[in-house]
Amino acid sequence: MTWHVAIKKSKMKPGKKKMLTVAKKLVLLGQMGEEFFATEALCRHMRWPLAYGAKVKDDCIRCPLHQTTHRIDTGEMVEWSPFPLFPPYGKLVGKLSKQKDLKIYQTRVNNGNIEVKIE
Ligand code: FES
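If you're wondering where the values come from, they're calculated on a predicted model, not measured in any experiment. (Residues numbered from 1 in each chain as written. Predicted model: local features only at pLDDT ≥ 70, side-chain atom pairs only at ≥ 80, totals over all residues. Heavy atoms only, no water.)

A. How the structure looks around the overall build of the protein. Summing up its helical and strand segments, the protein has one helix and 11 strands in all. N-terminal to C-terminal, the α/β element order of the protein is β-β-β-β-β-β-β-β-α-β-β-β. For a compact globule of 119 residues, the expected C-alpha radius of gyration is about 14 Å, and the protein comes in at 15 Å, within 12% of that figure. Considered along the principal axes of its C-alpha atoms, the protein spans approximately 50 × 25 × 20 Å. (Helix = DSSP H or I, 4+ residues; strand = E, 2+ residues; numbered from the N terminus. Rg over C-alpha atoms; globule rule 2.2 N^0.38 Å.)

B. Structural detail: empty space enclosed by the protein. Under the defined criterion, the tally for this structure stands at one cavity of 30 Å³ or more. Around the largest cavity sit Cys43, Leu50, Ile61, Arg62, Cys63, Thr68, His70 and Leu102, which together line it. (1 Å grid on protein atoms, 1.4 Å probe; cavity = no way out; pocket = protein on both sides within 12 Å on 5 of 7 lines; lining within 4 Å. Points joined across faces, edges and corners; volume = space filled by probe spheres on them.)

C. Looking closely at the side chain of Ser97. Here Ser97 lies in the loop between α1 (89-94) and β9 (104-105). In terms of polar contacts, Ser97 uses its side chain to reach the backbone carbonyl oxygen of His45, at 2.9 Å. (Polar contact = N/O pair within 3.5 Å; in protein donor to acceptor, adjacent residues only side chain to side chain.)

D. Molecular detail of the nonpolar core. In this structure, Val22, Leu29 and Val116 are the most contacted members of the largest nonpolar core, which totals 13 residues. Of all the secondary-structure elements, those providing two or more residues to this core are β1 (2-8), β2 (17-22), β3 (25-32), β4 (35-40) and β11 (113-118). Residue contributions to this core peak at three residues, all from β11. Once residues within four sequence positions are removed from consideration, Val22 is found in contact with His4, Val5, Ala6, Val27, Val116 and Ile118. Counting residues in hydrophobic clusters, the runner-up holds 10 residues, among them Cys43, Leu50, Ala54 and Leu102. (Core = buried A, V, L, I, M, F, W, Y, C linked by side-chain atoms within 4.5 Å. Buried < 20%, exposed > 50% of the residue type's maximum accessible area, 1.4 Å probe, protein only. Contact = heavy atoms within 4.5 Å.)

E. Representation of the sheet that holds strand β7 (residues 69-71) in the model. An order of β5-β6-β7-β8 is seen for the four strands of this open sheet, with the pairing classed as antiparallel. Both outer strands of the open sheet, β5 (55-57) and β8 (77-79), are each paired with one neighbouring strand and no more. Going across the sheet, the axis of each strand differs from the next one's by a mean of 30°, ignoring polarity. Looking at chain direction, strand β6 (residues 60-62) and β7 are connected through three bridges and run antiparallel. Looking across to β7, one finds that Cys60 is bridged to Arg71. (Pairing = 2+ DSSP bridges. Axes fitted to C-alpha atoms, helices over the stretch in contact; angles between N-to-C directions.)

F. Just unusual backbone geometry, in detail. Phe83 connects to Pro84 through a cis peptide bond whose omega is -10°. Topologically, Pro84 is positioned in the loop between β8 and α1. The residue Lys24 is not glycine, and still its phi comes out positive at about 65°. A positive phi angle, close to 45°, is found at Ser81, a residue other than glycine. Considering the arrangement of structural elements, one finds Ser81 in the loop between β8 and α1. On the basis of relative accessibility, which here comes to 0%, the residue Ser81 falls in the buried class.

The following block contains the structure:
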């Protein structure tokens, strides 16, 4: 695992999310308060880019499409494709792919840059 520069810290601000390519991996980089987090960039359900509309709340990230939710500290799946509830389309499309955790990457600030640890 190696640290890779993702972006200058000055380009981020609280609440911001960016999709970046870091060491040939698509990564979602986000900021909550003064903390940064990084996950794989595409939803585990049907590969929606989480930088576009995902909500971060209560230490979880929720995809806007069918509202699949994962913890941003561990990547653990919390809820799989629950939306919409009626008709139960969300549950049906949820069966189109296997339930998986979201990959999480470590982040750090170094020399004014945000770095992400990637193998
Ligand atoms: S694509 Fe993200 S929940 Fe379906």
